[in-house]
Amino acid sequence: MLETRPPVGGMTDGEPTGSPVRRRVLSIVVPLVIWVVIALAGWLRLTPQVRNTLWAEDGKVFLGEQYRLGVAGALFHDYAGYLHVVPRLVVAVASHIGPIDRLAVTVSALCVVVAAAVGAAVWVLTAGVIRSVVARLLLALIPALVPLGPMEIQANAANLHWFLMFLMPFALLTPVRSWSKGILLGIATLLAGLTEIQIVAFFPLFFVGIRNRYRWPIILGSVIGGAAQVVTTLTHPRAAATVPHETVADMVLGYAVQPFAGSFTWSMPAVGRAIAENGVWVVVLPLVVAAVLTALGLWLGAPGQRWMLGSMVWASAAVWFGAVFLNPNQMLAFAHFDAGQWLGNWTFRYSAAGSMYVIGAFVVLADIALTRGGLVRGGLVRGGLDRGAVTGRHRVGVVWVFRVVGILLVLGVALSFALNFSVDKANRQAGPYWDQGIETSESRCAQTPSADASVQIAPGPQWAVSVPCAIIDQDAVR
């Protein structure tokens, strides 16, 4: 299994080389710095309006049920057939550490911090699996810089589960050689499982390296979390779909249009417009090229790289196809769209979640190419090719092909991050703004202090949360 191979490039369980003291300091300082940088990047991507808007389940479900059931009573309460432990914890913390009129901003900040923590953890966990430091950094930046992120899934508790799920393959594939690392990752996988049922998609990875006893807490956390979700959805099933399911052609084309194309742009209407003007080949052909590169990567990569690449591809498909199957919608019938419908191409939260793994796959492919090209330490073989395969100028030429492909993939991902950093059309951009809603409620609460105030939240008129006037009045006095 993965643990039978020593980490590459002089790494030991994710720690840098050098004196013991230097290794210890850097193993703590570097992830902390990366955590802060990722959090800052994630925060700066959000407009002030988005930060100040409470999103859907964050208010109506998590906060509302907390007021009715208490923090402890709401923590393991099911919603839509699933458990949502970490989002409920985030909303509970936010409601207790700041004034009620700053709740939306506080929730946004905490969610950015949690997503950044996932990114920093990815940096640590990829040591010994991903060879290139640049590739590891790009993987760590995905939770903050995924192009579609600000449209819906970033900075709200209702969508934190996507980021915890993103952590899973890295937690399950990282080398583990100590009880402390195993236990910490066991807690992380347990919390991820208690928040996102789709971690069961990684079930085959639960038992990678099962003979390594240090991995047992990780396996146990994954199994308990996943089992708790399965039991919950069986005992409290979600409402059955009321519209027909999409066809396989709808799902496959949708994968090309949404999570794949969404890895390069946050604007789904722009993708739809390109398809309406030029046909579906503008997204299908690049997907075919990516599939060929993936096949080559699975052939040429080291064992750890292959596992990681396969996990990224599998997860992107599992998230998209699973979500589309469970949430049928006429707006997902992509194979039946006409030109007018393409122009109205909508952004779905599953697209952003799936695109994190698509981008991750491109980064792993870059790592494989850079390794085979000899640009990182610990390449498969010197010169980037199997010994005896080719010689002389041909060998040098192929090595340079690997190098060029690897560099282009790195630059492509970095360029996608840079060009899509600013997003001004997020679903929460137009409010309603939470602090204004609380301010409006103060006058009503002054007249009926024992009542509850209904505060409007995003994304539409049907979404509101009842806040006890006692809490609003207490904050107004403060």
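What counts, and at which threshold
- Once a new chain begins, its residue numbering starts again from 1 and follows that chain's sequence as written.
- Local features are withheld for residues below a pLDDT of 70 in this predicted model, meaning they are given only at 70 or higher, and side-chain atom pairs are given and counted only at 80 or more; totals for whole chains, interfaces and linings count all residues.
- No hydrogens and no water enter the side-chain calculation; it runs on all heavy atoms of the structure.
- The numbering of helices and of strands both runs from the N terminus, where a helix is a DSSP run of H or I of at least 4 residues and a strand a run of E of at least 2.
- By definition, residues are in contact when any of their heavy atoms lie within 4.5 Å.
- Salt bridge criterion: a side-chain nitrogen from Lys or Arg within 4 Å of a carboxyl oxygen from Asp or Glu.
- Three labels apply to residues, based on accessible area from a 1.4 Å probe with only protein chains included: buried if under 20% of the type maximum, exposed if over 50%, partly exposed otherwise in between.
- A pair of sulfur atoms, both from cysteines and within 2.5 Å, is called a disulfide here.

**Q** Go over the environment of Ile130 with me, naming the residues and quoting the values.
**A** Counting through the fold element by element, Ile130 comes out in the loop between α5 (103-125) and α6 (133-145). Spatially, the C-alpha atom of Ile130 lies 17 Å from that of Ser27, the residues being 103 residues apart in sequence. When sequence neighbours within four positions are dropped, the list of residues in contact with Ile130 reads Ala135, Arg136, Leu139, Met308, Val364 and Asp367.

**Q** Run through unusual backbone geometry, naming residues and quoting values.
**A** With an omega dihedral of 10°, the bond running from Gly431 to Pro432 counts as a cis peptide bond. The omega torsion of the bond from Ala458 to Pro459 falls at 15°, within 30 degrees of zero and hence cis. Within the secondary structure, Pro459 sits in the loop between β1 (452-456) and β2 (464-468). At Ala56, a residue that is not glycine, the phi angle is positive and equals roughly 40°.

**Q** Tell me what's going on with the pattern of salt bridges, and back it up with residues and numbers.
**A** What the rule picks out here adds up to two salt bridges. Where Glu65 meets Arg88, a salt bridge forms, and the shortest distance between an N and an O atom there is 2.8 Å. With Glu65 in helix α3 (residues 57-75) and Arg88 in helix α4 (residues 85-97), this residue pair connects regions lying 23 residues apart in the sequence. The residue Asp424 makes a salt bridge to Lys425 at a minimum N-O spacing of 3.6 Å. Residue Asp424 is classed as partly exposed on the basis of its relative accessible area of 46%.

**Q** Summarise the state of the cysteines; cite the residues concerned and give the values.
**A** Evaluation of the coordinates by the stated rule reveals one disulfide. The disulfide bridge from Cys445 ends at Cys469, spanning 2.1 Å between sulfur atoms. Where Cys445 bonds to Cys469 through sulfur, the torsion about that S-S bond is close to -70°, and the disulfide is left-handed. In this pair, Cys445 is assigned in helix α18 (residues 434-447) and Cys469 in helix α19 (residues 469-477), connecting sequence segments 24 residues apart. Note on accessibility: Cys445 and Cys469 belong to one class, buried.

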